[in-house]
Amino acid sequence: PHQRDLEIVVALALRALQAEDRLSVRSSVSEWETVADLYEKALALDPRLAIAHARVARLHGSLYWFSHHDPVPARRAKAEAALRAAERHAPDAPETHYTRGTFEYFCQNDWRGALTHYHRALTQLPNDSGLNAQIAYAHRRLGEWPQVWDYLQRAHALNPGDMYIAAQMADYLHHLRQHQEAVSAGQRVLQQNPTDSMTRMVLARAQFALDGDVARFMRELDAVPAAGSDPERLFSRLMRALYAQDYALADELLQRPQPTAINDLGGIYTQPVSLQRAEVAFLAGRTDAVRHLATAALRELADRQVPPRQATFARIARAQALVFLGKFEDALPELRAASALALTEDAYAGPNALREAGKTLIVMQRYDEALEMLREIMRRPSRLSRHEAQLDPFWSRLKGDPRFEEILRTERPIR
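Now for a description of the structure that goes with this document.

Definitions and cut-offs
- Residues numbered from 1 in each chain as written.
- Predicted model: local features only at pLDDT ≥ 70, side-chain atom pairs only at ≥ 80, totals over all residues.
- Heavy atoms only, no water.
- Helix = DSSP H or I, 4+ residues; strand = E, 2+ residues; numbered from the N terminus.
- Rg over C-alpha atoms; globule rule 2.2 N^0.38 Å.
- Buried < 20%, exposed > 50% of the residue type's maximum accessible area, 1.4 Å probe, protein only.
- Contact = heavy atoms within 4.5 Å.
- Lys, Arg positive; Asp, Glu negative; His and termini not counted.
- Charge placed at Lys NZ, Arg CZ, Asp CG, Glu CD.
- Patch = residues over 30% accessible without salt bridge, like charges linked within 9 Å, V, L, I, M, F, W, Y side chains within 5 Å.
- Areas by Shrake-Rupley, 256 points an atom, 1.4 Å probe, with all protein chains shown as cover.
- Salt bridge = Lys/Arg side-chain N within 4 Å of Asp/Glu carboxyl O.
- Phe/Tyr/Trp six-rings, centres within 6.5 Å; stacked < 30°, edge-to-face > 60°.
- Lys NZ or Arg CZ within 6 Å of the ring centre and 35° of its normal.
- Core = buried A, V, L, I, M, F, W, Y, C linked by side-chain atoms within 4.5 Å.
- Axes fitted to C-alpha atoms, helices over the stretch in contact; angles between N-to-C directions.
- Parallel < 35°, antiparallel > 145°, perpendicular 65-115°, else oblique.
- Left-handed = near helix turned anticlockwise from the far one by under 90°.
- Nonpolar A, V, L, I, M, F, W, Y, C, P; charged D, E, K, R; others polar.

## Some points on the overall build of the chain
At step 1: Counting secondary structure elements, the chain contains 22 helices and 0 strands.
At step 2: Scaling as 2.2 N^0.38, a compact globule of 415 residues should have a C-alpha radius of gyration of about 22 Å, and the chain matches this with 22 Å.
At step 3: Per-residue burial for the chain yields a buried fraction of 59% across its 415 residues.
At step 4: Counted over contacts in the chain with a minimum sequence separation of 6, partners at least 24 positions apart contribute 63%.
At step 5: Of the side-chain charges in the chain, 53 are positive and 53 negative, and the distance between the mean point of each set is 1 Å.

## Here we look at a nonpolar patch on the surface
At step 1: Taken together, the side chains of V10, L14 and L17 present a nonpolar region at the surface, about 250 Å² in accessible area.
At step 2: Here V10 lies in helix α1 (residues 3-21).

## Structural notes on the packing of aromatic side chains
At step 1: This structure, assessed with the given rule, holds 15 aromatic pairs.
At step 2: Ring centres of F217 and Y243 lie 6.1 Å apart, and the angle between their planes is 35 degrees; on these two criteria the pair is classed as tilted. Residue F217 is found in helix α12 (residues 214-222), and its partner Y243 is found in helix α13 (residues 234-243); the two are separated by 26 residues along the sequence.
At step 3: Residue classification places Y243 among the buried residues on the basis of a relative accessible area of 7%.
At step 4: Among the aromatic side chains, those forming a connected cluster through ring pairs are W65, Y105, F106 and W111.
At step 5: Just above the ring of Y98 sits the side chain of R58; from NZ or CZ to the centre is 3.7 Å.
At step 6: Lying across the ring of W65, R309 places its NZ or CZ 3.3 Å from the centre.

## Brief notes about the nonpolar core
At step 1: Of all hydrophobic cores here, the largest spans 60 residues; its most connected members are L374, W395 and F404.
At step 2: The dominant element in this core, judged by the number of residues it contributes, is helix α17 (residues 311-324), at 9 residues.
At step 3: Once residues lying within four places of it in the same chain are set aside, the contact partners of W395 are L354, R355, G358, K359, I362, A370, L374, I377, L384, A389 and F404.
At step 4: Within the second largest apolar cluster, 57 residues are counted, among which are V56, W65, C107 and W145.

## Concerning the side chain of H97
At step 1: Here H97 shows up in helix α5 (residues 94-108).
At step 2: Apart from the residues within four sequence positions on either side, H97 is in contact with P91, D92, H117, R120 and A121.

## Let's talk about the packing of helix α16 (residues 287-303) against α17
At step 1: Interaxial distance between α16 and α17 falls to 8 Å at its minimum, and their mutual angle equals 150 degrees. The pairing of α16 with α17 is recorded here as roughly antiparallel in orientation. In this structure, the crossing between α16 and α17 has a hand that is left-handed. Here V290, R291, A294, A297, L298 and L301 of α16 lie close against α17, whose contacting residues are A317, R318, A321, L322 and F324.
At step 2: Of the residues belonging to the contact of α16 with α17, the class tally is 9 nonpolar, no polar and 2 charged.

## Observations regarding the environment of L45
At step 1: One can find L45 in helix α2 (residues 29-45).
At step 2: Residues L45 and R100, spaced 55 residues apart in sequence, show a C-alpha to C-alpha distance of 24 Å.

## Some remarks on the packing of α2 against helix α3 (residues 50-65)
At step 1: Packing of α2 against α3 leaves a shortest axis separation of 9 Å and a crossing angle of 160 degrees. Here α3 runs roughly antiparallel to α2, going by the angle between their axes. Judged by the twist between their axes, the crossing of α2 over α3 is left-handed. Residues V29, W32, E33, V35, A36, Y39, E40 and L43 of α2 form the contact with α3, whose own contacting residues are A52, H53, R55, V56, L59, S62 and L63.
At step 2: A breakdown of the residues in the contact of α2 with α3 according to their chemical character gives 10 nonpolar, 2 polar and 3 charged.

## A short note on the pattern of salt bridges
At step 1: Within the structure shown, the criterion is met by 35 salt bridges.
At step 2: Across the pair R84 and E80 runs a salt bridge, and its minimum N-O distance is 3.0 Å. You can see R84 and its partner E80 sitting in helix α4 (residues 73-89), 4 residues apart, about one turn around the helix.
At step 3: Overall, R84 belongs to the partly exposed group, its relative accessible area being 34%.
At step 4: Across the pair R304 and E300 runs a salt bridge whose closest N-O atoms are separated by 3.5 Å.
At step 5: The partly exposed category is assigned to R304, whose relative accessible area is 29%.
At step 6: Three or more residues are tied together by salt bridges with common partners; here these are R76, E80, R84, E87 and R100.

Worth remembering: the numbers are spatial, not functional.
The structure is reproduced here in structure tokens:
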């Protein structure tokens with residue numbers, strides 16, 4: 001390229017890198033694609049720029065990874081095409097190894113394979129904060145908790161300005177039930193980025209786990225700001241409505257024009273809105289509505305094609321719809337099989353799956369099994385704290401059973 005083109009390429013790449021630091025799980029698809037477009041403009045001037053191909057691959061992989069973004073085959077194909085371009089231009093470059101790792105992580109769900117590529121890249125990129133963070137996230141999926149924290153701390157030290165890494169640290173501490181540490185970490189994030197909705201949600205839940213102050217928790221949920229992927233704040237508003245047992249408001253929120261950002265189960269799986277409305281109708285005691293909505297949910301689930309990462313949650317969702325139709329004998333084997341797979345497939349997301357399965361067992365009045373599932377959740381990293389379980393409209397139905405409180409009292413920080 002000519003000198004002027006080189007200057008433009010450098011300027012575009014720097015803009016893209018800075019914009020990439022501001023992305024988070026709650027950013028909209030358009031915000032992610034804006035960053036990818038900056039790299040694409042640089043590539044139009046110099047298609048040999050392997051690092052830009054690598055960055056584009058990672059951005060498309062991220063969009064494929066999150067259920068509320070774009071987990072469709074076309075998005076995966078874009079990630080793979082950009083990876084292949086990076087491999088053509090710089091097959092042995094550390095950025096290419098890094099990107100092979102992210103493809104294994106985001107698109108193949110092969111955490112151990114991802115680590116192999118990440119560590120090859122790390123020999124030449126020891127001070128890359130994003131790479132250190134991705135190593136942490138791969139260890140997290142494998143349930144290797146000490147390594148997660150070591151690499152997250154290193155990633156943050158290398159780039160304190162990356163708000164996504166900082167927010168992930170706070171969220172991880174909350175998962176580990178180190179709630180005071182999570183509050184402190186979250187407050188540090190908000191000093192630099194006061195409108196970060198993910199961190200505000202983490203802070204609300206971690207503080208509630210500490211003090212059990214319901215009124216304060218409700219105020220904190222009211223204060224969670226809008227995000228690119230949730231401009232109407234539907235996620236926090238629905239949680240508040242359900243915990244306040246305001247089922248009329250919950251159903252109203254679920255009928256808004258943009259309902260897909262609600263209850264995305266940690267970015268893994270977005271339930272059909274009809275299934276979420278069936279849950280609300282069940283809680284409100286509207287039997288006819290439950291059956292109608294569950295039937296619609298089964299139709300929608302049959303039409304969905306989900307990536308491998310979502311398969312276990314999709315099975316649980318199908319079991320939930322069957323239970324709301326009274327088809328317990330069909331639902332139970334599906335529910336048990338999915339629950340057994342949940343923790344082996346993904347140690348970090350598994351408790352989310354168990355929480356959904358446990359709710360369904362409660363609907364079936366299979367309380368012994370639900371309590372055993374709760375015991376397993378309390379032993380593992382999870383966002384479900386003792387106080388939140390007592391407030392949850394499904395789990396709180398077990399309050400009359402002394403085993404419920406006994407299990408909740410076992411909550412301890414995971415070190």
